[in-house]
Amino acid sequence: MRVLVVGASGAIGTRLVPQLIERGHEVIGTHVSPTTADRIGGLGAVPVQLDLLDARAVRKAVLEAQPDAIVLQATALSDLRWSRSLDKAFGPTNRLRTEGTDNLLAAAREADVRRFVAQSYASTRYARTGSWVKTEDEPLDPNPLPSTSETHAAMRHLDEAVTDAGGIALRYGGFYGAANDGLIEPVRKRQFPIVGDGAGVSSFIHLDDAAAATVLALELGRPGIYNIVDDEPAPLHEWLPVMASALGAKPPRRFPRWLARVFAGDVAVMMATQARGASNEKAKRELGWTPRYPSWRQGFAAAYGGRMQPDTHPVTVMT
Ligand SMILES: NC(=O)c1ccc[n+]([C@@H]2O[C@H](COP(=O)([O-])OP(=O)(O)OC[C@H]3O[C@@H](n4cnc5c(N)ncnc54)[C@H](OP(=O)(O)O)[C@@H]3O)[C@@H](O)[C@H]2O)c1
């Protein structure tokens, strides 16, 4: 297929482009910064500069590229700083997920593009009640914290707009596996504590596995939502010490909820104590996908090259 990857120079885009080319696809990859064009060319794709918020430019780029398929991987998270307000930190990405998605879908419709796959997110999205691991069919959080409501709404908009148009939204877990992973510095500096009981569950995915699942979704997926996460959703109190160890850092500190609320705000406390993880059963069943790193236990060790917990550590099965 002739595939247009929007956001090809980013963390997932740079893993995806080589895998698409290896599978025999022809790739056109977009970027924004002039300095990232070479990165895309070096991966074997044709670089095109494109601002997703410029509807006319999006229409022109898609009509000129005449792709069979589009993969939307654009975010604006490279300068992300932790904020008590997730909506403030995610503001530019939220615009890409709403206006940007709409611009691209309109252009795809006009150019009669057959397949459309877009980046969505799994962790912290699902309802904070009931089981700790959620399938795609289970409800999203109906009452997100006020400072996260725009971010939740933007992700919901993307999911609905893409699937209503017959496309596929991939709810990825937290990415890891690159030198600029957002958690590396805070964990190394012991700025990321276990809050309260640390029962909040996260789902992770190695970037190479996320890219492999994306190729399969593009080739075989049915319209709808897929969680693209590893096999082991896990509570904060389990995964954080393993990440610290893999990074050669001291064990994480422990903060009571009230202290974390003072220092980091309600969002941090919610993520640490109430967040739900996601199940990858549908993606494995329908796409025939098997993650190379079935758990962050192997993945963190491979990515960060440090010491790991012994393999005998019991696997968490959360229901
Ligand atoms: N599921 C997850 O956990 C998740 C998801 C996404 C990102 N992240 C993390 O966030 C960090 C930063 O992500 P990143 O390296 O991918 O950088 P990023 O800044 O989020 O950029 C991603 C891609 O989107 C493009 N882009 C940015 N603004 C755009 C716009 N207005 N129109 C069209 N394209 C636009 C970028 O182009 P340029 O390169 O030219 O700027 C790049 O190709 C990484 O650590 C990553 O792992 C995590």
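Described below are features of the structure shown in this document.

**Details of the overall build of the chain**
Part 1 of the reasoning: Across its full length, the chain holds 13 helices and 15 strands.
Part 2 of the reasoning: Over its C-alpha atoms the chain spans a radius of gyration of 19 Å, differing by no more than 12% from the 20 Å that the globule rule assigns to 319 residues.
Part 3 of the reasoning: A total of 319 residues make up the chain; the buried ones form 53% of that total.
Part 4 of the reasoning: Sequence-distant contacts in the chain: of pairs separated by 6 or more residues, those separated by 24 or more amount to 79%.
Part 5 of the reasoning: When the accessible surface of the chain is split by element, carbon and sulfur atoms take 52% of a total near 14,300 Å².
Part 6 of the reasoning: A distance of 6 Å separates the average location of the 36 positive side-chain charges in the chain from that of its 35 negative side-chain charges.

**Concerning empty space enclosed by the protein**
Part 1 of the reasoning: Under the criterion given, the structure shown has one cavity of 30 Å³ or more.
Part 2 of the reasoning: Its volume calculated, the largest cavity comes out at about 30 Å³.

**Focus on the side chain of threonine 273**
Part 1 of the reasoning: Counting through the fold element by element, threonine 273 comes out in helix H11 (residues 266–273).
Part 2 of the reasoning: For threonine 273, a relative accessible area of 6% gives the class buried.
Part 3 of the reasoning: Every residue in contact with threonine 273, bar those within four places of it in the chain, is listed here: Trp132, Val195, Asp197, Ala199, Gly200 and Arg257.

**Some thoughts on the site of the ligand**
Part 1 of the reasoning: The environment of the ligand is made up of 25 residues, and the closest members are Ser9, Ala11, Ser33, Thr36 and Thr75.
Part 2 of the reasoning: The backbone of serine 33 places a nitrogen or oxygen atom 2.8 Å from an oxygen atom of the ligand.
Part 3 of the reasoning: Taking leucine 77, its main chain carries an N or O atom lying 2.9 Å from an oxygen atom of the ligand.
Part 4 of the reasoning: Protein contacts shield 85% of the accessible area of the ligand, which totals 900 Å² for the unbound molecule.
Part 5 of the reasoning: Put simply, the parts of the chain that give the shell around the ligand at least two residues each are strand S5 (115–121) and strand S8 (174–176).
Part 6 of the reasoning: Of the residues in the shell around the ligand, the class split is 11 nonpolar, 13 polar and one charged.

Each value, and the rule that gives it
- Residues numbered from 1 in each chain as written.
- Predicted model: local features only at pLDDT ≥ 70, side-chain atom pairs only at ≥ 80, totals over all residues.
- Heavy atoms only, no water.
- Helix = DSSP H or I, 4+ residues; strand = E, 2+ residues; numbered from the N terminus.
- Rg over C-alpha atoms; globule rule 2.2 N^0.38 Å.
- Buried < 20%, exposed > 50% of the residue type's maximum accessible area, 1.4 Å probe, protein only.
- Contact = heavy atoms within 4.5 Å.
- Areas by Shrake-Rupley, 256 points an atom, 1.4 Å probe, with all protein chains shown as cover.
- Lys, Arg positive; Asp, Glu negative; His and termini not counted.
- Charge placed at Lys NZ, Arg CZ, Asp CG, Glu CD.
- 1 Å grid on protein atoms, 1.4 Å probe; cavity = no way out; pocket = protein on both sides within 12 Å on 5 of 7 lines; lining within 4 Å.
- Points joined across faces, edges and corners; volume = space filled by probe spheres on them.
- Near = heavy atom within 4 Å.
- Polar contact = N/O pair within 3.5 Å; in protein donor to acceptor, adjacent residues only side chain to side chain.
- Nonpolar A, V, L, I, M, F, W, Y, C, P; charged D, E, K, R; others polar.

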